[in-house]
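# Structural features, examined
Chain by chain, the residues:
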Amino acid sequence: MRVVVDGHACEVAPGASVLDAVRAAGLTLPTLCHDDRLRPVGSCRTCLVRVGGNVAAACVTPASEDTPVEAAGEELDALREDAVRLLVSALPARALAGGRSELAELCASMGITPETAKGAGGRGRDESHPYVHLDRDLCIACGRCVRMCADTQGAFALTLVGRGAETVVAPGGGGSWAESDCVSCGGCVDTCPTGAIHQPGLPPGACASRALPEAAVTTRTTCGYCAVGCSLDVVAEDGRVLAVLPGRDGPVNRGAACVKGRFAHGYLRADDRLTEPLLRRDGRLEPVSWAQAIDHVARGLNAAIAAGGPDSIAAISSARATNEENYLIQKFMRTVIGTNNIDNCSRLCHAPSAAGLTASFGLAGGTDSFDDIERADCLLVVGANPVEAHPVVGARLLQRALNGATLVVADPRAVGLAGYADIHLRPRPGTNVALCHGIAHVLLDEGLVDEEFLRERAAGLAELTETVKRYPPPVAAEVTGVPEADLVAAARSYGRARCPAIFYGLGVTEHLHGTDGVRSLANLAILRGAVGTSRGLGVFPLRGQNNVQGASDMGALPDSLPGYRKVAEPEARALAESVWGVPVPDRAGLRIPQMFDAARAGRLRALWIIGEDVCSTDPDSNRVAAALDACPLVIAQELFPSATTGHADVVLPAASWLEKDGTFVNFDRRFQRVRAAARPPGRARTDFEIVHALAAALGADLGCPTPAAALDECARTSPHFTGLSHERLDREGALPWPCPPPGGDARGKLYTDRFATPDGRAHLAAAPYLPPGEQPDDEYPLLLITGRRLEHYNSGSMTRRTDDLRLAPTDHLDVHPDDAARHRLADGRPVTVESRRGRARLTVRIGTQTEPGQLFCAIHFPDSNVNALTSDHADTATSCPEYKVTAVRISPG
Ligand SMILES: Nc1nc2c(c(=O)[nH]1)N[C@H]1C(S)=C(S)[C@@H](COP(=O)(O)OP(=O)(O)OC[C@H]3O[C@@H](n4cnc5c(=O)[nH]c(N)nc54)[C@H](O)[C@@H]3O)O[C@H]1N2
Ligand SMILES: Nc1nc2c(c(=O)[nH]1)N[C@H]1C(S)=C(S)[C@@H](COP(=O)(O)OP(=O)(O)OC[C@H]3O[C@@H](n4cnc5c(=O)[nH]c(N)nc54)[C@H](O)[C@@H]3O)O[C@H]1N2
Ligand SMILES: [Mo]
């Protein structure tokens, strides 16, 4: 569309505002209530222009071909200046004193001096929240924070109160900010133009992006908490982090962040951070030099090899560490030690996704790019709570739902997105396969399937049809506890959508039949032809840790080399051997639970645990501790003392994600750069440096002197990664795998031509529903679900060492009021939870998020001992623990 601005024609997109047109003409207009990320409201009157002769706010006026715009000129300048003067005159002097806010800059550009600010103030502050402070006197009621909170985050925690000049932002509900529904994403802090809402540590009247010291250095990196893969700009001075700002151009987060990525970096300088190697002597861990520690480990490993061979050594690599570190660790185990005993935390998490998605589609990752989410008109979210566990994705999904997409949530608990769902299915934990088969039954029965796709591109329809005959809605309803009508309605929503998308999490994978759960969910996408086509967005596993996808991609798995090439296959080994120059052992190694079995049986002589607190987070933790105690040499590579370091013989202090260089792979298979923004404390070293040091002590040279060199080498070990390098990622930003060389097509959306299975087809899976490993009975009558809460992360080792602890100070057991009454539990009081294996202590929280007979707690406070309860039942295909189903009993005290 052509719009004339001050006599010059300029080109803008249809639907553009006059503000867009003025900017397209190369002019700037002052704006205060406007933020490009938000819907415009035109309340501050600082962007006044003439449109067809009439004065109008440019941000809310649609541009038109027929109506010329006047933007320049003394009269308009004066009008705009008056609007700003009027706003400023009501503010106290400190509003402009620092000169480091959007408002202060605007005033300076207009020649409005600080003396203009003559307001009396006195409206007070709210400093109840650890990360977000409010100085009410500086609020100009522009409403940006309110819109940010509602329209991008979907938290609806803020509102404007008062009338006229007295209008001011306030947390909804009338209480303090800390008591409000604020999810601490920092969106309001980022958009506030006056610094009324500001970050503690920065002066009121200062915007974080403007108020940081001149000497501060900003480093672009990728968040190291969950696998969303938010781009963050980390501002540090003298190697210490001052602030973390979400990258507006971040490919996944687009300027958003969550409480952890945005604010929870205080752990970096926690008093008890490990800063030097420790060696156990006479039962106590004592500081030693790196040389002593590495020498001790090297001699221990040599002794283990001498006594039990290479397979008596095992390593757990870290899904928190970079790709390059994981690559190097698996290379060390395979080439220096000579064993495939290497695994990573994916075992506890999304191993069933890797297995299930590979079997159904061919590759061990999500099928599509999250960039396409705006196209989805039906979201099926199964066993995932992204509002808390992947908040930036959760917020985007919620906005899609608020903007018209149908939302179907399958989760036993009423949390997060379930509150906004068109249909909320509450299956009994462990019954997903029956639920999916019930839905598939309806799809087939009602002809809501893509016949042509099934004929041309899928396999296994006859077998699946036979299986799902046994799951008509009444049967599926009986097994799952989901009302028949809801199940049918969910099937019709998914079946009739133009572009449906499936998101799922641990509520699908962490079960006795987790891989079947993944596959029965994938069936739905195949039946609809909603994968590998423009008619759907396939299946997104909401993978967990920052680099759990990458750790597996890099081959930190007992049966797979980099790129999921199987150690058992001669061609796969031959390729790795040609790059590494040494033979690769051909027998699959031990999975994590098998490592513990071997240790308890006296067959494991050394276990190297890198960045996983196995004694807190692996199931049946009393037996895990027994395994470590039975193993002659346990090395724990950690940031902090933990339950696991308590059983270690050597503790090596590691650098964290803010202190190192490399890449992570996020939940939709994107490689993104990680860059050091801070210095590791004391003598802590990166995992990369530690592996090299250990290899050198054993007389080996792993090559790959730098992380960049490690990724270059990795690119030669698998066709999935040939086009990847730090240099290219630095230039082009995020890149998904499979990633061919530059010029090739690195696409987020997979399988548009063919599936990556041997026959090129998508494979339907016909396994029947089988019950969970553990069921409530008379002795243990309640079913405990375990999972996550927003403020803390996994073992909590990092978030408990930040002010997140003020937001969520304790661990709760969610109990339905009926169960609380039956078991004489009072809200806020201690409760003992017992299973067949152990005992945990938590604090009761009575509410209706859980169904009667079901309990929920998180895993973030190891002292509560939650994993003493969980069992060693595990996914029959991948050994992923059945964390979501534990039979327990409860008693007060
Ligand atoms: N704040 C925060 N974010 C995190 C983490 C964290 O610790 N804290 N951890 C990260 C990691 S490692 C991971 S893997 C992800 C996990 O992210 P999610 O998978 O979203 O997390 P969970 O809370 O473990 O489980 C998801 C949901 O599954 C439901 N569920 C349990 N059993 C069943 C079932 O049988 N069927 C269905 N349909 N649902 C069921 C639970 O009620 C729960 O709401 O989060 C990542 N992000
Ligand atoms: N009951 C129950 N248990 C569960 C789950 C559940 O839902 N229920 N979920 C499971 C899942 S999905 C997961 S992923 C696991 C997570 O379990 P863990 O992997 O044990 O938990 P994290 O807290 O993510 O990180 C482990 C350790 O790594 C350290 N660390 C962080 N960054 C680095 C680094 O760069 N280098 C090194 N060397 N160390 C680092 C941290 O200090 C922390 O102690 O828990 C599992 N346990
Ligand atoms: Mo996880």
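Note that the structure is predicted; figures quoted are calculated from it, not measured.

Taken together, the neighbourhood of ligand 2 is formed by 32 residues, with T617, E638, K660, D687 and S795 sitting nearest. In this structure, a nitrogen atom belonging to ligand 2 sits 2.9 Å away from a side-chain N or O atom of R788. Side-chain polar atom of S795 to an oxygen atom of ligand 2: 2.7 Å apart, as the coordinates give it. Counting residues per element, the ones that place at least two in the shell around ligand 2 are strand 27 (633-638) and strand 33 (782-787). Its residues placed into classes, the shell around ligand 2 shows 12 nonpolar, 11 polar and 9 charged. Shared between two domains, the shell around ligand 2 takes at least three residues from each, and those domains are domain 2 (278-349 + 547-708) and domain 4 (782-892).

Moving on: helix 26 (residues 687-697). A large share of helix 26 lies buried, amounting to 8 of its 11 residues. Inspection of helix 26 places D687, F688, I690, V691, H692, A693, L694 and A695 among the buried residues, and these make up the whole buried set. For helix 26, the secondary structure elements touched by its buried residues are helix 9 (290-308), helix 10 (323-337), strand 26 (606-610), strand 27, strand 28 (650-653) and helix 27 (707-715). A positive phi of about 80° marks G699, the residue just after helix 26.

Okay, the pattern of salt bridges next. Scanning the model with the defined rule gives 57 salt bridges in all. Across the pair R94 and D135 runs a salt bridge whose closest N-O atoms are separated by 2.8 Å. Of this pair, R94 sits in helix 3 (residues 94-97) while D135 is found in strand 7 (residues 133-135), placing the two residues 41 residues apart along the sequence. One continuous salt-bridge network, built from bridges that share partners, spans R94, R123, R125, E127, D135 and D137.

Inspection of the entire model under this criterion finds 18 aromatic pairs. Measuring from centroid to centroid gives 6.1 Å for Y564 and W737, while their planes differ by 35°, and the two rings are tilted. In this pair, Y564 is assigned in the loop between strand 24 (560-561) and strand 25 (565-566) and W737 in the loop between strand 31 (735-736) and strand 32 (762-763), connecting sequence segments 173 residues apart. Classification of Y564 by relative accessible area gives buried; the value is 16%. For W737, a relative accessible area of 0% gives the class buried. Three or more aromatic residues joined by ring pairs make a cluster, and in this case those are F361, F453, Y751 and F755. We note R413 situated over the ring of F856; from NZ or CZ to the ring centre the distance is 3.5 Å. Taking the ring centre of F640 as reference, the NZ or CZ of R801 above it sits at 4.0 Å.

Not every one of the 34 residues close to ligand 1 is listed here, only the nearest: A389, D411, G430, H792 and N794. One of the backbone N or O atoms of G383 is found 3.4 Å from an oxygen atom in ligand 1. Here G507 contributes a backbone N or O atom positioned 3.3 Å from a nitrogen atom of ligand 1. With the chains in place, 100% of the 920 Å² that ligand 1 exposes on its own is no longer accessible. Put simply, the parts of the chain that give the shell around ligand 1 at least two residues each are helix 12 (386-389), helix 19 (506-509) and strand 33. Of the residues that constitute the shell around ligand 1, the class distribution is 13 nonpolar, 14 polar and 7 charged. Composition of the shell around ligand 1 by domain shows at least three residues from each of domain 3 (351-541) and domain 4 (782-892).

With 105 residues, the main nonpolar core has F332, F361 and L524 as its most contacted residues. The element that contributes the greatest number of residues to this core is helix 20 (residues 514-527), accounting for 7 residues. Setting aside chain neighbours within four positions, we find F332 in contact with L301, I337, W608, V691, L694, A695, L698 and L702. V241, V392, V409 and V674 belong to the second largest nonpolar core, which has 51 residues in total.

Quick look at the sheet that holds strand 12 (residues 231-237) now. Whether parallel or antiparallel, the strands of a sheet pair through hydrogen bonds between backbone atoms. Here we have 3 strands laid out as an open sheet, ordered 11-12-13, and antiparallel in their pairing. Bordering the open sheet on either side are strand 11 (217-222) and strand 13 (240-246), each of which pairs with just one other strand. Going across the sheet, the axis of each strand differs from the next one's by a mean of 30°, ignoring polarity.

A separate point is the sheet that holds strand 7. Strand order in the open sheet formed by 3 strands is 6-7-10, and the pairing between neighbours is antiparallel. Single-partner strands in this sheet number two, and they are strand 6 (125-126) and strand 10 (197-198). One ladder, built from 2 bridges, connects strand 6 with strand 7; its direction is antiparallel. In the strand pairing of strand 7, R125 is matched with D135.

Below, the discussion takes up the UniProt feature "domain: 4Fe-4S Mo/W bis-MGD-type" (unreviewed entry) in the protein. The UniProt feature table records "domain: 4Fe-4S Mo/W bis-MGD-type" (unreviewed entry) at residues 216-272. Secondary structure across residues 216-272 comprises 9% helix and 35% strand; the distance between its end C-alpha atoms is 26 Å.

Here the bond from W737 into P738 is cis, since omega is -5°, no more than 30 degrees from zero. For P738, the location among the structural elements is in the loop between strand 31 and strand 32. In the Ramachandran plot, D620 falls in the positive-phi region, its phi being about 55° despite a non-glycine side chain. Take D620: it is sitting in the loop between helix 24 (614-617) and helix 25 (621-630). Accessibility expressed as a relative area gives 6% for D620, which makes it buried. For R669, which is not glycine, the phi dihedral falls at a positive 70°. With respect to the secondary-structure elements, R669 resides in the loop between strand 29 (662-665) and strand 30 (670-674). Owing to a relative accessible area of 0%, R669 belongs among the buried residues under this scheme.

Every second residue of strand 29 is oriented toward a common face, with G662 and F664 on one face and T663 and V665 on the other, all of them buried. One ladder, built from 4 bridges, connects strand 29 with strand 30; its direction is antiparallel. Directly across from V665, in strand 30, lies its bridge partner F671. Linking strand 29 to strand 30, which pair antiparallel, is a turn of 4 residues; within it R669 sits at a positive phi near 70°.

Between two packed helices, what matters for the description is the angle formed by their axes and the separation of those axes. Direction vectors running N to C along helix 14 (residues 432-445) and helix 20 enclose 15°, while the axes themselves pass 8 Å from each other. Classified by the angle between their axes, helix 14 and helix 20 sit roughly parallel to one another. Seen along the crossing, helix 14 lies across helix 20 with a hand that is left-handed. Contacts between helix 14 and helix 20 involve N432, V433, C436, H437, I439, A440, L443 and L444 from the former and D516, G517, S520, L521, N523, L524 and L527 from the latter. Grouping the constituent residues of the contact of helix 14 with helix 20 by class yields 9 nonpolar, 5 polar and 1 charged.

Reading the values: the criteria
Residues numbered from 1 in each chain as written. Chains lettered and ligands numbered in written order. Predicted model: local features only at pLDDT ≥ 70, side-chain atom pairs only at ≥ 80, totals over all residues. Heavy atoms only, no water. Near = heavy atom within 4 Å. Polar contact = N/O pair within 3.5 Å; in protein donor to acceptor, adjacent residues only side chain to side chain. Helix = DSSP H or I, 4+ residues; strand = E, 2+ residues; numbered from the N terminus. Nonpolar A, V, L, I, M, F, W, Y, C, P; charged D, E, K, R; others polar. Domains from an automatic or database assignment. Buried < 20%, exposed > 50% of the residue type's maximum accessible area, 1.4 Å probe, protein only. Contact = heavy atoms within 4.5 Å. Salt bridge = Lys/Arg side-chain N within 4 Å of Asp/Glu carboxyl O. Phe/Tyr/Trp six-rings, centres within 6.5 Å; stacked < 30°, edge-to-face > 60°. Lys NZ or Arg CZ within 6 Å of the ring centre and 35° of its normal. Areas by Shrake-Rupley, 256 points an atom, 1.4 Å probe, with all protein chains shown as cover. Core = buried A, V, L, I, M, F, W, Y, C linked by side-chain atoms within 4.5 Å. Pairing = 2+ DSSP bridges. Axes fitted to C-alpha atoms, helices over the stretch in contact; angles between N-to-C directions. UniProt positions renumbered as here; feature names shortened; annotations may be inferred. Parallel < 35°, antiparallel > 145°, perpendicular 65-115°, else oblique. Left-handed = near helix turned anticlockwise from the far one by under 90°.

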